[in-house]
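Results of the structural survey
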Amino acid sequence: MKRFLRLLPPLLLFQVSPAFLGAQAVIKIDTDRVIGEVDPHLFGNFTEHLGRCIYGGIFEEASPLADENGFRKDVLEAVHGLGVTVLRWPGGNFASGYNWMDGIGPRDQRPARRDDAWGALESNRFGTDEFLKYCQRVGAEPYLCINAGLGSVDEARKWVEYCNEPGDTYLARQRRKNGRDKPWGVKYWGLGNEVDGPWQLGHKNAADYATFALEAAKAMRRADDSIQLIASGSSNFGPDSDWVGWNRTVLDRLKSEIDYISLHTYIGNRDNNFEQFLAASRDIEDRIAVVKGQIEAARVGNPNARPIHIAFDEWNVWYRTMVSGEFAIGRTGLEEKYNFEDALAMGMFLNSFIRHADVVKMANLAQLVNVIAPIFTNKQGLFLQTIYFPLAEYGTERGFESLDVLVRAPEYRPDSGRALSYLDVSSTYDPKTRRVFLNVLNRGEKQDIAAQISSVSGAVTGSVNVWELNHADLKATHSFGNDKVVRPVTRTFQPAAGGGAFAYTFPKHSLTVLTLQLN
Ligand code: AHR
């Protein structure tokens with residue numbers, strides 16, 4: 001018999017295991033098992049001068065839909081619904097050819113320039129003061145990314161001074177002349193974008209980048225020593241790239257100057273294989289784990305070492321509009337149309353970040369509007385893409401601590417890689433209200449999964465709130481006038497009396513957030 005069992009595939013073994021008779025999965029909540037504080041900046045976003053993200057997206061001066069600043073009011077309302085906490089700008093690849101000084105002062109006098117990152121013309125009518133005002137309207141922390149490609153250390157230093165200088169310097173006076181008396185107090189500054197990528201203007205090897213970034217950090221901190229700095233980490237995971245080596249050099253050389261190292265990841269369902277697509281969390285979490293180890297290695301032995309965290313400052317599904325040929329990219333503007341399975345991928349990414357809340361302290365969806373984005377506009381209005389809804393739910397309904405919940409569920413092996421659980425789970429907890437949020441992605445295409453859910457930290461009391469995103473058609477999309485196809489449903493149910501374990505079935509291909517009250 002033993003020999004026979006050994007021959008069975010792991011999934012079958014799981015299904016006959018006595019431990020799971022009557023319940024295919026087990027989820028146990030223990031509020032003492034805190035992974036880390038869920039940083040609000042995990043629910044950040046990104047706006048780049050690319051396609052119609054800025055112009056025709058968040059900013060459209062002549063539009064009847066715009067306010068006195070040129071900000072699209074309909075877009076602002078949709079952005080509010082996402083609960084965006086931090087907003088990165090001006091790129092992306094655009095940042096590596098951008099001179100911030102082109103984007104200040106009277107709009108009609110600003111120079112139009114070539115945008116050689118995306119093959120476009122940049123009017124510079126939206127610049128630093130417009131962006132920072134936009135962040136205020138949204139209620140998000142601004143995060144500016146310096147030009148570490150073709151730019152200089154001095155440009156970066158002066159940008160900090162323009163934004164944050166309280167005294168009476170020439171640049172602070174310029175800012176005042178441009179309408180902002182008080183310093184903007186920009187706290188988060190990126191030391192360049194994807195400098196490890198050969199596609200980047202001013203791409204450098206790791207050693208050259210570290211030399212530049214170290215001097216930039218030093219000079220920027222002289223302008224304002226309260227700023228937080230994010231080093232450009234790995235974005236290039238191609239087969240020939242030494243992404244681990246890049247981070248090693250960057251961390252080694254910059255460890256006493258930086259507060260974060262960035263990671264970027266885009267995924268796509270290129271093989272039209274749903275379960276494989278949603279297995280991307282393995283790569284995402286492997287990368288987080290490796291960088292976490294590298295951070296620890298860089299700090300080991302120094303009790304006063306500066307804390308360093310991961311800023312996952314670009315992430316999303318992006319593959320349909322990822323065409324090669326430089327200028328084609330500029331023209332198509334990356335206007336990805338998202339479907340239902342992409343919406344599920346949002347839960348997968350956010351679950352991964354929450355499960356690593358001890359080290360991932362910022363994450364920025366790329367991007368906010370039109371360009372690989374949850375909000376899609378034309379001149380008359382907008383529609384909400386399928387991915388909008390999980391982002392809004394996670395961004396606004398959550399606890400403050402990430403919990404390490406125990407999950408035992410059937411596993412699958414979508415490729416030659418290691419097996420993973422059909423249920424992808426993260427959980428957050430609010431110790432004040434004793435509410436637990438259980439975020440569960442069932443990435444099984446064909447099987448509902450019944451789970452026994454229990455808490456060892458007090459009984460579940462009252463009714464359980466359910467938020468569920470599901471659709472029969474994995475490829476269902478939205479368009480103008482038709483954005484109610486993939487929408488979450490909410491309901492409540494009363495778990496059986498006794499407050500012990502309760503049963504809940506997670507339907508196939510669904511994302512569920514259960515909100516439980518502990519007594
Ligand atoms: O978000 C689109 C692009 O993807 C960004 O400009 C770049 O940083 C990344 O390669």
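Cut-off values and rules
Residues numbered from 1 in each chain as written. Predicted model: local features only at pLDDT ≥ 70, side-chain atom pairs only at ≥ 80, totals over all residues. Heavy atoms only, no water. Near = heavy atom within 4 Å. Polar contact = N/O pair within 3.5 Å; in protein donor to acceptor, adjacent residues only side chain to side chain. Areas by Shrake-Rupley, 256 points an atom, 1.4 Å probe, with all protein chains shown as cover. Nonpolar A, V, L, I, M, F, W, Y, C, P; charged D, E, K, R; others polar. Salt bridge = Lys/Arg side-chain N within 4 Å of Asp/Glu carboxyl O. Helix = DSSP H or I, 4+ residues; strand = E, 2+ residues; numbered from the N terminus. Buried < 20%, exposed > 50% of the residue type's maximum accessible area, 1.4 Å probe, protein only. 1 Å grid on protein atoms, 1.4 Å probe; cavity = no way out; pocket = protein on both sides within 12 Å on 5 of 7 lines; lining within 4 Å. Points joined across faces, edges and corners; volume = space filled by probe spheres on them. Domains from an automatic or database assignment. pLDDT = per-residue confidence, 0-100. Contact = heavy atoms within 4.5 Å. Core = buried A, V, L, I, M, F, W, Y, C linked by side-chain atoms within 4.5 Å. Pairing = 2+ DSSP bridges. Axes fitted to C-alpha atoms, helices over the stretch in contact; angles between N-to-C directions.

**Notes on the site of the ligand**
Inspection of the region around the ligand gives 14 residues, with Glu48, Asn93, Glu194, Tyr266 and Glu314 positioned closest. Separating an oxygen atom of the ligand from a side-chain N or O atom of Gln367 is a distance of 3.0 Å. Look at the ligand: alone it shows 280 Å² of surface, and the protein chains cover 96% of it. Class assignment of the residues belonging to the shell around the ligand gives a composition of seven nonpolar, four polar and three charged.

**Points about the pattern of salt bridges**
Taken as a whole and judged by the stated rule, the model has 37 salt bridges. Among the salt bridges present, the one from Glu130 reaches Arg107, with a minimum N-O distance of 3.1 Å. In this pair, Glu130 sits in helix H4 (residues 128-138) while Arg107 sits in the loop between strand E4 (86-89) and strand E5 (113-115), placing the two residues 23 residues apart along the sequence. For Glu130, a relative accessible area of 8% translates into the label buried. The class for Arg107 is partly exposed, based on a relative accessible area of 25%. Between Arg114 and Asp116 there is a salt bridge, with its nearest N and O atoms 2.8 Å apart. Salt bridges sharing partners connect three or more residues here, namely Glu61, Arg107, Asp108, Arg110, Arg125 and Glu130.

**Topic: the layout of surface pockets**
In this model, the second largest pocket occupies a volume close to 300 Å³. As for the second largest pocket, its lining consists of 16 residues, and the residues nearest its centre are Glu285, Arg355, Asp424, Val425 and Arg443. Those elements that provide at least two residues to the lining of the second largest pocket are helix H10 (281-299), strand E18 (420-421) and strand E19 (423-430). Residues of the lining of the second largest pocket, tallied by class, amount to seven nonpolar, two polar and seven charged. Looking at which domains feed residues into the lining of the second largest pocket, each of domain 1 (39-398) and domain 2 (406-518) supplies at least three.

**Re the confidence of the model for the protein**
On average, residues of the protein score 93 in pLDDT, and 93% of them are at 70 or above. Low pLDDT, under 50, characterises residues 1-23; the predicted model gives this stretch 16 contacts beyond four residues in sequence or across chains.

**Quick word on the nonpolar core**
If you look at the biggest cluster of nonpolar residues, it comprises 117 residues, and the most contacted ones within it are Trp189, Leu191, Tyr209, Met220, Trp315 and Phe353. Counting residues per element, this core draws most heavily on helix H12 (residues 340-355), which supplies 10 residues. Once residues within four sequence positions are removed from consideration, Phe353 is found in contact with Leu42, Ile284, Ile288, Phe312, Trp315, Val360 and Ala363. Counting residues in hydrophobic clusters, the runner-up holds 28 residues, among them Tyr412, Val460, Val464 and Leu516.

**Describing the sheet that holds strand E8 (residues 188-191)**
One closed barrel holds the eight strands; their spatial order is E3-E4-E7-E8-E9-E10-E11-E12, and the pairing between them is parallel. Strand-to-strand twist across the sheet, computed as the mean angle between neighbouring axes with direction ignored, equals 30°. In this sheet, strand E7 (residues 141-145) lies alongside E4 in parallel orientation, the contact comprising four bridges. Its bridge partner being in E7, Val86 is matched across the sheet by Glu141.

**Remarks on the pairing of strand E12 (residues 360-366)**
Counted residue by residue, E12 has seven buried out of seven residues, so it is predominantly covered. Inspection of the sheet shows strand E3 (residues 44-46) paired to E12 by three bridges, in the parallel sense. What sits directly across from Gly44, in E12, is Asn364. Here four bridges tie strand E11 (residues 309-317) to E12, and the two strands are oriented parallel to one another. Bridged to Ala311 within E12 is Met362.

**Things to note about helix H13 (residues 388-396)**
The buried count for H13 comes to eight of nine residues, which makes it a mostly enclosed element. Of the residues making up H13, those classed as buried are Tyr388, Phe389, Pro390, Leu391, Ala392, Glu393, Tyr394 and Gly395.

**Some remarks on the pairing of strand E10 (residues 260-267)**
Within E10, seven of the eight residues are buried, which leaves the element mostly enclosed by the surrounding structure. Looking at chain direction, strand E9 (residues 228-231) and E10 are connected through two bridges and run parallel. Within the sheet, the bridge partner assigned to Ile230 lies in E10 and is Tyr260. In the sheet, E10 pairs with E11 via seven bridges, with the strands oriented parallel. The residue bridging Tyr266 from the neighbouring strand is Asn316, located in E11.

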